[in-house]
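Letter by letter, the chains look like this.
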Amino acid sequence: MCNPNLTYTLFSNTELFQNDDEDDDDSGTAYFNLDMAGTRLQRAERIGDASLPDTFQTNELLYYERFKAYQDYMLGDCKTSEVKAFTADYLEKVLEPCDWQAQWCTDVFDVLVEVVDVNYKELKAQVKLVVPLQCETRGCELTEEAMNTLLEATLQKVPLQELRAVFDESGDFDQTALALEHLRFFYKHIWRQWDDEDEDDDFDYFVRCVEPRLRLFYDILEDRVPAGLVAEYYSLLARCSQKFQEFSSLRNGISSDSESELDNVSMVEGLRMYEQMEALKRKLRIMENPLLRYVLGYKVNSGQQSCRAKGPRASGGRMVHVVSVSTTVSQLQGLMADKLGPKFSGEEFEVQFHSEPLLAVSACYEGDVVIILPGHYNVTSSISIPDSISVEGFGLPDEVVIEKKNKGDSFVESTGADVKISNVKFIQHDAIEGILCVRQGKLEMENCVLQCETTGVIVRTSGHLTMNMCDLYGSKGAGVEIYPGSVCSMVGNGIHHCKEGILIKDFADELDTMPKITMVNNVIHNNEGYGVILVKPSDAALNASAPIQAHNPILKFSRLPILKSQDRIWRDYEQLDKEEGEDWMKGEGKLQVDVPVIVVDDCSVKEPVSYSSCYVVPPEFTEGNDAIKRELVATSAKKQRLQKSRLKELGVTKADDNLLSQEMFVSIQDNQFRRNGMGSFGTFLY
């Protein structure tokens, strides 16, 4: 053993690195007993070629194990420029410097080598081939002579993250195996090749980058992120990596002292690529931030393969699908008298019976009707409605219950051109995306009950939701999420006991039109946060082309406090932005705080206020209605001005006003906001 006096101790999957001199009763771990023989790690039995020895099982570590290792031992509070130095120092303390065997694992081969020295600063190990040759190849043949030639070409050095320590029962190499795992995981899942080029190096790299990326990795691993968002994230990551490589190649080819026309063209192209890369990086940061990931979600289709619309039947007939596990004669008589006889007695209608709602909806063609008789129906997969059909409960909502218990992206997904659902109670369990999602087309809901557990109703871009006389409660997110470009009409609903009542989303892209919203006679009460909250980009995000705003999209607002209605403190943040604009442009007082700012527009303050950001609502308006309307109209107008400005930059001096119109049809009146934890209305700036 080359390093018998190690400072750190090693723990297995339920134990962490811990200093011998520490005694922390709250850590939940026990000291590693140096006198106790044997490893604390499991053996990873190799599948395939048995000629290679087994390695340590280290790829199943828990979130908090990696979190503590990176925070307390590997990275600490280092800056981005110090990551490699801190990592080298960590490895020097815990890694055996010589005389241990490992598998050198690449995409092409796995081969057994012996480590003879470690260069911690380069994160490389000097190795020699173990003879006779023990290897496993993929798609090629490898001889001992060829492997020695390859090692000579690399000066006998290989990256540490490509090494996996061979299993040893003594426990002497446990720390080495774990250190290699932490290093390998960090450079595969956490580190980005553009991280060390960040212009601002005055922030804690662990807090800003490692923690959110690590949390996202485990959220994806544990199915807590919608499949579409996962696909979008990895697609953005690949595009950003490709753009960075193109940008780096172009930058390296430009001479610093050249004034040639070709270099000038390359510089212009480089600036364009840089702006594109910054836009991609900003989207990645939004997805990596757990809070912004929740409030913003994502704009594209979730990637879920929805069923295709069947269209009308070839015969031209229509079907009435009756759903019931069992029924009585009196129920059938009532169904005939109240529904089938008066409405569906024509020759074009046929009747078909089903035992489950999912089977009935799957059998529908355009124009069909599903009538669900009273009962409690359990479904195990999502209900997708691609055609224009009607789903009706024959009875009160509490008598016609559809419950989904297993995990999935969404419960009910509507993409049909004209879908109607009425008199049904939906109970959601453990869904990732929402109890109901209108991806496109029109959905009309009436007299329904939505008992959420995870998230509520989502109205995507191009979706149209009409929701009348419904009761929605229990969402751990927003009761209703409204995306840009959608149409949402809510009349006479109750939305209560959710994290937020209604969440209206706006994005930095000026092409995203504000949603068209009608809210009349709704009762929004007892929500943990706001009754209605508008999520929108700050001015810095909207003007991302400005140099100082490109790095941190919320930089100019990071000084603003969070304002709560009970504080009775109001700030005109637009005026503050003007007053401090010069100081910020000079670079004074920069704060790297990735905490969004919430500005509350709660007009329940009875004391006179001299700031222009709030005034007393006239008594004829219900509290909060006018505030919501003002903010939505102002946001829409700002985006219209921005779009006209962008078109002018592109040389478009005249444009059709109809194409540029960002005005919303807003009808918000007579809504009641009661006992919402943060107030009637809030604005979330990111």
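Bear in mind that the values here come from a model prediction, so they are computed numbers and not experimental data.

### Notes on the overall build of the protein
In terms of helices and strands, the protein carries 15 helices and 37 strands. Pairs at least 24 apart in sequence give 68% of the contacts found in the protein among residues at least 6 apart. Of the accessible surface of the protein, which amounts to about 32400 Å², a share of 50% is contributed by carbon and sulfur atoms.

### Here's the deal with the pairing of strand S11 (residues 318-323)
The buried fraction of S11 amounts to 5 of the 6 residues, a majority that puts the element mostly inside the structure. As paired elements, S11 and strand S12 (residues 349-354) share 6 bridges and run parallel to each other. Bridge pairing in S12 places valine 320 opposite valine 351. The pairing of S11 with strand S13 (residues 369-372) spans 4 bridges and is classified as parallel. Residue pairing for S13: valine 323 is matched across the bridge by isoleucine 372.

### Regarding the packing of helix H4 (residues 174-190) against helix H5 (residues 205-221)
At a minimum axis distance of 10 Å, the contact between H4 and H5 shows a crossing angle of 85°. Classed by the angle they form, the pair H4 and H5 counts as roughly perpendicular. Along its contact with H4, which presents Phe185, Phe186, His189 and Ile190, the element H5 presents Tyr205, Val210, Arg213, Leu214 and Phe217.

### Observations regarding unusual backbone geometry
In this structure, proline 132 follows valine 131 across a cis peptide bond, with omega equal to 0°. For asparagine 521, which is not a glycine, the phi torsion comes out positive at approximately 60°. Following the sequence through the fold, asparagine 521 ends up in the loop between strand S31 (516-520) and strand S32 (523-525). Phi angles above zero are rare outside glycine, and aspartate 670 is one such case at about 60°. Considering the arrangement of structural elements, one finds aspartate 670 in the loop between strand S35 (666-669) and strand S36 (672-674).

### Remarks on the confidence of the model for the protein
Fine structural detail should not be taken from predicted coordinates in areas where pLDDT scores are low. For the protein, the average pLDDT comes to 76, and 72% of its residues sit at 70 or higher. This stretch, residues 299-305, has a pLDDT under 50; its non-local contacts, to residues over four places away or in other chains, come to 17 contacts. Across residues 544-621 the pLDDT falls below 50, and counting only partners more than four positions away or on other chains, this stretch makes 136 contacts in the model.

### Re the sheet that holds S36
Taken together, the 8 strands give an open sheet; going across it, the order is S14-S17-S20-S23-S26-S29-S32-S36, and neighbouring strands pair in parallel fashion. A single partner strand is all that each edge strand has here, and the edge strands are strand S14 (375-379) and S36. Neighbour-to-neighbour, the strand axes of this sheet turn through a mean angle of 10°, independent of strand direction. As paired strands, strand S23 (residues 449-451) and strand S26 (residues 471-473) are joined by 3 bridges and run parallel to one another. Each bridged residue has a counterpart across the sheet, and for leucine 450 the counterpart in S26 is leucine 472.

### A look at the environment of glutamate 481
Here glutamate 481 is to be found in strand S27 (residues 478-482). Along the primary structure glutamate 481 and isoleucine 504 are separated by 23 residues, whereas in three dimensions their C-alpha atoms are 6.0 Å apart.

### Focus: a nonpolar patch on the surface
A surface patch of nonpolar side chains, about 280 Å² in accessible area, is lined by Leu332, Val351 and Phe353. Counting through the fold element by element, valine 351 comes out in strand S12.

### Things to note about H4
The end-to-end C-alpha distance of H4 is 23 Å, a good match for the 24 Å that 17 residues give at a rise of 1.5 Å each. Burial analysis of H4 places 14 of its 17 residues in the buried class, the great majority of the element.

### A few points about the packing of helix H1 (residues 63-74) against H5
Put simply, H1 and H5 touch, their axes get as near as 11 Å, and they point 165° apart. Relative to H5, H1 is oriented roughly antiparallel. When the axes of H1 and H5 are compared, the crossing they make is right-handed. When H1 is examined against H5, the residues Tyr63, Arg66, Phe67, Tyr70 and Gln71 are found in contact with a partner set consisting of Phe206, Val210, Glu211, Leu214, Arg215 and Tyr218. Here the contact of H1 with H5 is built from residues that sort into 7 nonpolar, 1 polar and 3 charged.

### Some words on the packing of aromatic side chains
For any two aromatic rings, the description comes down to two numbers: the centre-to-centre distance and the angle of the planes. In total, this model carries 18 aromatic pairs according to the counting rule given. Here tryptophan 104 and phenylalanine 109 contribute two aromatic rings whose centre-to-centre distance is 5.1 Å and whose plane-to-plane angle is 85°, an arrangement assigned as edge-to-face. Taken individually, tryptophan 104 and phenylalanine 109 each receive the classification buried, so the pair is uniform in this respect. On the basis of an interplanar angle of 85° and a centroid distance of 5.0 Å, the ring pair of phenylalanine 186 and tyrosine 187 is categorised as edge-to-face. The class of phenylalanine 186 is buried, set by a relative accessible area of 0%. On the accessibility criterion, tyrosine 187 (21% relative accessible area) is partly exposed. Here a set of aromatic residues connected by ring pairs shows up, and it is made of Tyr63, Phe67, Phe185, Phe206, Phe217 and Tyr218. Directly above the ring of phenylalanine 185 sits arginine 66, whose terminal nitrogen or CZ lies 4.0 Å from the centroid. Across the ring face of tyrosine 365, the terminal group of lysine 310 is positioned such that the distance to the ring centre comes to 5.0 Å.

### Structural notes on helix H9 (residues 329-343)
Helical geometry: 3.6 residues make up each α-helical turn, so side chains three or four residues apart lie on a common side. An ideal rise of 1.5 Å per residue puts 21 Å on 15 residues; H9 measures up with 20 Å between its terminal C-alpha atoms. Roughly 45° is the biggest bend found in H9, and it falls at methionine 336. Listing the buried residues of H9 in full gives Gly334, Leu335, Lys339 and Leu340.

### As for the pattern of salt bridges
Evaluation of the coordinates by the stated rule reveals 22 salt bridges. Between arginine 213 and glutamate 288 there is a salt bridge whose closest N-O contact spans 3.5 Å. Placement of the pair is arginine 213 in helix H5 and glutamate 288 in helix H7 (residues 261-288), with a sequence separation of 75 residues. The shortest N-O distance in the salt bridge between aspartate 368 and arginine 313 comes to 2.7 Å. Separated by 55 residues along the polypeptide, aspartate 368 in the loop between helix H10 (357-362) and S13 and arginine 313 in the loop between helix H8 (290-296) and S11 bring together distant segments of the chain. The exposure class assigned to aspartate 368 is buried, which follows from its relative accessible area of 1%. Salt bridges here are not isolated pairs; linked through shared partners, they connect Arg192, Asp195, Arg213 and Glu288.

### Brief notes about the environment of glutamate 114
Examined against the element boundaries, glutamate 114 turns out to sit in strand S6 (residues 109-119). Every residue in contact with glutamate 114, bar those within four places of it in the chain, is listed here: Asp99, Trp100, Gln101, Gln126, Val127, Lys128 and Val130.

### Structural notes on the environment of serine 414
Position of serine 414 relative to the elements: it lies in strand S18 (residues 408-414). Judged by its relative accessible area of 1%, serine 414 falls in the buried class. Separated by 30 residues in sequence, serine 414 and serine 384 have C-alpha atoms that sit 6.1 Å apart. Serine 414 has contacts with Ile385, Val419, Cys437, Val438, Arg439, Gln440 and Leu443, leaving out every residue within four places of it along the chain.

### A look at the pairing of strand S19 (residues 419-422)
As paired strands, strand S16 (residues 390-393) and S19 are joined by 3 bridges and run parallel to one another. By the bridge assignment for S19, glutamate 392 is matched with serine 422. Note that S19 and strand S22 (residues 441-446) share 4 bridges and pair parallel. Paired with lysine 420 across the strands is glutamate 444, a residue of S22.

How each quantity is defined
- Residues numbered from 1 in each chain as written.
- Predicted model: local features only at pLDDT ≥ 70, side-chain atom pairs only at ≥ 80, totals over all residues.
- Heavy atoms only, no water.
- Helix = DSSP H or I, 4+ residues; strand = E, 2+ residues; numbered from the N terminus.
- Contact = heavy atoms within 4.5 Å.
- Areas by Shrake-Rupley, 256 points an atom, 1.4 Å probe, with all protein chains shown as cover.
- Buried < 20%, exposed > 50% of the residue type's maximum accessible area, 1.4 Å probe, protein only.
- Pairing = 2+ DSSP bridges.
- Axes fitted to C-alpha atoms, helices over the stretch in contact; angles between N-to-C directions.
- Parallel < 35°, antiparallel > 145°, perpendicular 65-115°, else oblique.
- pLDDT = per-residue confidence, 0-100.
- Patch = residues over 30% accessible without salt bridge, like charges linked within 9 Å, V, L, I, M, F, W, Y side chains within 5 Å.
- Salt bridge = Lys/Arg side-chain N within 4 Å of Asp/Glu carboxyl O.
- Expected span 1.5 Å × (residues − 1).
- Left-handed = near helix turned anticlockwise from the far one by under 90°.
- Nonpolar A, V, L, I, M, F, W, Y, C, P; charged D, E, K, R; others polar.
- Phe/Tyr/Trp six-rings, centres within 6.5 Å; stacked < 30°, edge-to-face > 60°.
- Lys NZ or Arg CZ within 6 Å of the ring centre and 35° of its normal.
- Bend = angle between axes of the 7 residues up to and from the residue.

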